[in-house]
Amino acid sequence: MFFRAGQFRHKITIQVATQSGPGSTGGIVETWATHSTAFAKIVNKGGKEFQGGGKVSGETTHEFWFRQDVSKATITRLMQIVFNGITYDITAVPRVIEPDRVWLVEAKQRD
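Only a predicted model underlies this, so the values are computations on that prediction, with no experimental measurement involved. (Residues numbered from 1 in each chain as written. Predicted model: local features only at pLDDT ≥ 70, side-chain atom pairs only at ≥ 80, totals over all residues. Heavy atoms only, no water.)

Pulling in residues and values, what's your account of the overall build of the protein chain?
What the protein chain contains, in helices and strands, is zero helices and seven strands. Buried residues in the protein chain amount to 29% of all 111 residues. Total accessible area on the protein chain is roughly 7,200 Å²; 50% of this is exposed by carbon and sulfur atoms. (Helix = DSSP H or I, 4+ residues; strand = E, 2+ residues; numbered from the N terminus. Buried < 20%, exposed > 50% of the residue type's maximum accessible area, 1.4 Å probe, protein only. Areas by Shrake-Rupley, 256 points an atom, 1.4 Å probe, with all protein chains shown as cover.)

Set out below in C-alpha cells:
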C-alpha cells in the first residue's frame, strides 16, 4: 500500500485516561491527557441507527490512518481520538501497515 504525504492532512490528538485522587464526592476522578498528536487520513466508514425504548440513537464509524514511530508509542482500545472537537472511542486494536509504518485505527464517534 502506498501513501502520499498530502493524504495525512487532519491533525488528531490521541488521549489516554488518567486517574487522580478523590473528587468532591470521594470517587476517583478520570481525566484525559494528550498521549500524542499526528496528521491523519480520516475515512468515514458509515453509520447505523438503532431504535429502542422509544429512543433513536446512532453510531458513526471512522478509520484513522497516520504515521507514528512504533517504538515511541503504543495505542490501545482504552484511548480516544479527538479531531475538530469531536471525540472518537477506539474500537479495534490498532495495526501497523508495513512497509510505510502507517497505523490503522478504527473508532466510533462518541454521542
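Help me get a handle on the pattern of salt bridges, residues and values and all.
Using the criterion set out here, one finds one salt bridge in the structure. Between Arg110 and Asp89 there is a salt bridge whose closest N-O contact spans 2.4 Å. Of this pair, Arg110 sits in the segment after β7 (102-109) while Asp89 sits in strand β5 (residues 86-90), and the two are 21 residues apart along the sequence. Residue Arg110 is classed as partly exposed on the basis of its relative accessible area of 36%. (Salt bridge = Lys/Arg side-chain N within 4 Å of Asp/Glu carboxyl O.)

So what about the packing of aromatic side chains? Which residues, and what values?
Tallied over the entire structure, the rule returns two aromatic pairs. Ring centres of Phe64 and Tyr88 lie 5.1 Å apart, and the angle between their planes is 70 degrees; on these two criteria the pair is classed as edge-to-face. Of this pair, Phe64 sits in strand β3 (residues 55-67) while Tyr88 sits in strand β5, placing them 24 residues apart in sequence. Residue class for Tyr88 comes out buried when judged on its relative accessible area of 5%. An angle of 5 degrees between the planes, with centres 6.4 Å apart, marks the rings of Phe66 and Trp103 as stacked. Here the residue Phe66 occupies a position in strand β3, and Trp103 occupies one in strand β7, the gap between them amounting to 37 residues. Classification of Phe66 as buried rests on a relative accessible area of 0%. Accessibility expressed as a relative area gives 6% for Trp103, which makes it buried. (Phe/Tyr/Trp six-rings, centres within 6.5 Å; stacked < 30°, edge-to-face > 60°.)

Explain the nonpolar core to me, and be specific about the residues and the numbers.
Core analysis: the largest hydrophobic core is formed by 15 residues, its most contacted members being Ile12, Ile14, Phe64, Phe66, Ile75 and Ile81. At the level of secondary structure, the elements contributing two or more residues to this core comprise β1 (10-22), β2 (28-52), β3, β4 (80-83), β5 and β7. Of all the elements, β7 adds the most residues to this core, at three residues. When near neighbours in sequence (up to four residues on either side) are disregarded, Ile14 contacts Ala33, Thr34, His35, Ser36, Phe66, Gln68, Ile75, Met79, Gln80 and Ile81. Of all hydrophobic cores here, the second largest spans six residues; its members include Trp65, Ile97, Val102 and Leu104. (Core = buried A, V, L, I, M, F, W, Y, C linked by side-chain atoms within 4.5 Å. Contact = heavy atoms within 4.5 Å.)

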